[in-house]
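# Inside the fold
Listed below are the residues making up each chain.
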Amino acid sequence: MIMPIALTIAGSDSSGGAGIQADLKTFAAHQVYGASVIVALTAQNTTAVTAIHPVPAAFVAAQIDAVFDDLKVDAVKIGMLATAELIETVADGLERHGAKNIVLDPVMIAASGGRLLQEDAIEALKRRLLPLCTIVTPNLPEAAALLGTAIAETEDAAAEQAEALLALGPANVLVKGGHGTGEDSVDILIGKDGRRERLVAPRIATQNTHGTGCTLSSAIASGLAHGIALNEAVVLAKRYISAAIAASDAVKVGRGHGPVHHFHHWWDRPDGSKP
């Protein structure tokens with residue numbers, strides 16, 4: 001069997017709920033073989049990020065080369081990159097190997113509140129990585145930070161910010177509404193081909209949102225690795241993350257923002273029955 005391959009380029013989460021660990025779990029849940037390039041080590045749990053150790057840029061480049069020299073990579077998911085130097089290194093590596101189906105989750109702040117991207121790295125992210133992306137998936141605070149503006153408080157404002165991000169070079173933009181208010185979580189998807197879609201899911205009352213952005217973007221990358229069209233890949237990923245959040249309270253991990261339930265389709269329910 002030829003299995004699709006997706007590569008995650010991101011930071012390691014020592015508590016296992018976000019970053020590289022969440023990405024690989026998501027790939028596995030979508031029957032995709034996961035490879036990884038670790039760009040930073042974090043000391044974190046569900047309550048806080050206590051330390052970040054960026055990986056030397058030369059070693060990040062070596063990891064990228066090692067993966068692409070041997071594996072047929074069908075999609076790439078990019079998460080935490082920490083510094084401008086690492087962003088430049090990753091962009092160079094993707095260009096060097098002609099990477100395709102690139103999904104960027106512009107991770108800046110952890111669910112616990114810890115900062116994961118240096119302030120001076122935002123311009124490098126916009127200049128070097130956004131133009132390479134098939135899709136970029138910021139949440140409302142991340143979209144505002146990339147544009148240097150206030151956080152969108154309405155759907156129209158979110159759509160305007162999505163258009164502004166699209167002008168920076170990516171082929172598609174998904175502005176996620178999870179940080180918004182109201183009964184529904186509304187995401188706005190727009191593309192250079194003129195597409196504009198409104199993706200709606202009920203807002204779920206839970207504090208277990210650790211790794212939500214990582215998981216959604218990895219699910220999109222998984223769909224693209226399978227050869228699914230982008231629109232459908234986004235819709236399926238939205239459905240997957242909504243179910244993973246809804247099932248998150250069944251898995252008690254940590255005292256703070258626990259992880260979503262990546263394998264909710266297969267694990268037994270608390271009463272022992274099958275999902």
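Given the structure is predicted, the values throughout are model-derived calculations rather than measurements.

Thresholds, definitions, all that
- Residues numbered from 1 in each chain as written.
- Predicted model: local features only at pLDDT ≥ 70, side-chain atom pairs only at ≥ 80, totals over all residues.
- Heavy atoms only, no water.
- Helix = DSSP H or I, 4+ residues; strand = E, 2+ residues; numbered from the N terminus.
- Polar contact = N/O pair within 3.5 Å; in protein donor to acceptor, adjacent residues only side chain to side chain.
- Contact = heavy atoms within 4.5 Å.
- Buried < 20%, exposed > 50% of the residue type's maximum accessible area, 1.4 Å probe, protein only.
- Disulfide = S-S within 2.5 Å.
- Axes fitted to C-alpha atoms, helices over the stretch in contact; angles between N-to-C directions.
- Parallel < 35°, antiparallel > 145°, perpendicular 65-115°, else oblique.
- Nonpolar A, V, L, I, M, F, W, Y, C, P; charged D, E, K, R; others polar.

Let us now look at the side chain of Asn172. Along the polypeptide, Asn172 turns up in strand β7 (residues 172-175). Polar contacts involving the side chain of Asn172 include one to the main-chain carbonyl oxygen of Thr134, which spans 2.8 Å. The residues contacting Asn172, other than those within four sequence positions of it, are Thr134, Ile135, Val136, Leu166, Ile190, Gly191, Arg195 and Leu230.

With that out of the way, let us pick up helix α5 (residues 140-147). Looking only at α5, the buried set comprises Leu140, Glu142, Ala143, Ala144 and Leu146. Buried residues along α5 sit in contact with α4 (122-129), α6 (155-166) and β7. The distance from a side-chain oxygen at the start of α5 to the backbone nitrogen of Glu142 is 2.8 Å, and the residue carrying that oxygen is Asn139.

Moving on: the state of the cysteines. Summed over all chains, the structure comprises zero disulfides. Not engaged in a disulfide, the cysteine Cys133 finds its nearest cysteine sulfur in Cys214; these two sulfurs lie 15 Å apart.

A word on unusual backbone geometry. With a phi close to 60 degrees, Gln31 is a non-glycine residue in the positive phi region. Within the element layout of this structure, Gln31 appears in the loop between α1 (19-29) and β2 (33-44). The exposure class assigned to Gln31 is exposed, which follows from its relative accessible area of 56%. Of note, Asn101 is a non-glycine position whose phi angle comes to about 50 degrees, a positive value. Judged by relative accessible area, Asn101 falls into the partly exposed class, the value being 22%.

Packed helices, taken two at a time, are described by the angle between their axes plus the distance between the axes. Packing of helix α3 (residues 84-96) against α4 leaves a shortest axis separation of 9 Å and a crossing angle of 10 degrees. Classified by the interaxial angle, the pair formed by α3 and α4 is roughly parallel. Residues Ala84, Ile87, Glu88, Val90, Ala91, Asp92, Leu94 and Glu95 of α3 form the contact with α4, whose own contacting residues are Ala124, Leu125, Arg127, Arg128 and Leu129. For the contact of α3 with α4, the per-class residue count stands at eight nonpolar, no polar and five charged.

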